Amino acid sequence: MKTLPFALLAAAGCLALAAGSMAAPAPEAPEPDTVILSDTLHYDDLNKTSTFTGNVILTRGAMTLRAAKLVTREDAQGNQFGTATAAKGESVTIHQENPEKFETLVATGLQADYAGQSGDITLTGQATVTRQICGQAVDNVRGARIVYHQKSGTYEAFGGKDSAAAGGRVRSLAQPQSRIDQAIAQCKAGKS
């Protein structure tokens, strides 16, 4: 399967070379600020933890995370970890915009965990990841748990009793590239 929506959680600010060019890379874009809105915040300096509760909205560059609760921590080596959880009957939602590709990636689950040392991002419980082009869903993965291994650019999806797919299975839908190219062309035409 092609690269799926997990790029939505990849770190922003990667260097890029111009297509076909051997020119030096452009300077690295500054790391975007992280803004977190919540009803409450409890910071524990001794344990290096922050607990945000109540309508949590985290924005970092083109990525937005919404959850009922977010707990972040840092270990002695400076590695960052985070766990976002949903309120009963709701989901943690992560949106990543990529305007150059007319793409929005949406991930949902009952819980989302980030492990800074490994770069792994895990969605657990009713997990889904959907790639949209101009608002139209083109690729989708559903399962009980979806793990994105950021360092290798690979992912795994697992079935189970909390699967977002019928029968506790993993369900994956990938559109042919020709349909995706068509959707992008239509979007470009509409934006002209």
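Use the structure listed above.
Let me begin by describing the structure that accompanies this report. Note on numbering: residues in each chain are counted from 1, in written sequence order. Local features are withheld for residues below a pLDDT of 70 in this predicted model, meaning they are given only at 70 or higher, and side-chain atom pairs are given and counted only at 80 or more; totals for whole chains, interfaces and linings count all residues. Side-chain descriptors were evaluated using all non-hydrogen atoms of the structure, hydrogens and water having been removed beforehand.

1. Topic: the environment of A112
For the record, the criterion: Only DSSP runs of H or I covering at least 4 residues are called helices, and only runs of E covering at least 2 are called strands; the numbering of each starts at the N terminus. The cut-offs for exposure are 20% and 50% of the maximum accessible area for each residue type, with area from a 1.4 Å probe on protein chains only; residues under the lower value are buried, those over the upper are exposed, and the others partly exposed. Residue contacts are defined here by distance: any two heavy atoms, one from each residue, within 4.5 Å place the two residues in contact.
For A112, the position within the fold is in strand 8 (residues 111-115). Here A112 falls in the buried class, since its relative accessible area comes to 7%. Apart from residues lying up to four places away in sequence, A112 is in contact with G82, T83, A84, V92, I94, T122 and L123.

2. Remarks on the nonpolar core
Under the convention used in this document: Only buried residues count toward a nonpolar core, which is a set of Ala, Val, Leu, Ile, Met, Phe, Trp, Tyr and Cys residues joined through side-chain atoms within 4.5 Å.
Grouped together as the largest cluster of nonpolar side chains are 17 residues, with contacts concentrated most on L65, L70, A84, V92, I94, A112 and L123. Every element with two or more residues in this core is listed here: strand 3 (49-60), strand 4 (63-74), strand 6 (92-98), strand 9 (120-133) and strand 10 (136-149). With four residues, the top contributor of residues to this core is strand 4. With near-sequence residues (within four places) excluded, A84 lies in contact with L65, A67, K69, L70, V92, L110, Q111 and A112. Ranked by size, the runner-up nonpolar core spans seven residues in total, among them F102, I133, V138 and A183.

3. As for the state of the cysteines
Rules: Any pair of cysteine sulfurs within 2.5 Å is marked as a disulfide.
Scanning the entire structure with this criterion turns up one disulfide. With its sulfur 1.4 Å from that of its partner, C134 forms a disulfide with C187. Handedness here is read from the sign of the S-S torsion; for C134 and C187, about -120 degrees, the answer is left-handed. A residue pair is termed long-range when its members are at least 10 positions apart, and C134 in the loop between strand 9 and strand 10 and C187 in helix 1 (residues 177-191) qualify at 53 residues.

4. Notes on the pairing of strand 4
To keep things clear, this is the line we draw: If DSSP finds at least two bridges between two strands, the strands pair.
Summarising the sheet, strand 3 and strand 4 pair through ten bridges and their orientation is antiparallel. Considered in strand 4, the bridge of V56 is made with A67. Where strand 3 folds back on strand 4, the antiparallel hairpin that results is connected by two residues, among which G61 adopts a positive phi of roughly 60 degrees. In terms of strand pairing, strand 4 meets strand 6 through four bridges, oriented antiparallel. Residue pairing in the sheet places T64 in a bridge with H95 of strand 6. As defined by bridge partners, strand 4 adjoins strand 5 (residues 80-85) across six bridges and the pair is classed as antiparallel. Opposite T72, over in strand 5, you have G82 as the bridge partner. Taking the residues between adjacent antiparallel strands as the criterion, strand 4 and strand 5 are bridged by five residues, where G78 takes a positive phi near 90 degrees.

5. Details of the environment of S152
Selection rule: Polar contacts here mean pairs of N or O atoms no more than 3.5 Å apart (in protein, one a potential hydrogen donor and the other a potential acceptor; neighbouring residues in sequence count only if both atoms are side-chain atoms).
Position of S152 among the secondary structure elements: in the loop between strand 10 and strand 11 (154-158). Spatially, the C-alpha atoms of S152 and S118 are 10.0 Å apart, while their sequence positions differ by 34 residues. A distance of 2.7 Å separates polar atoms of two side chains, one belonging to S152 and the other to T154.

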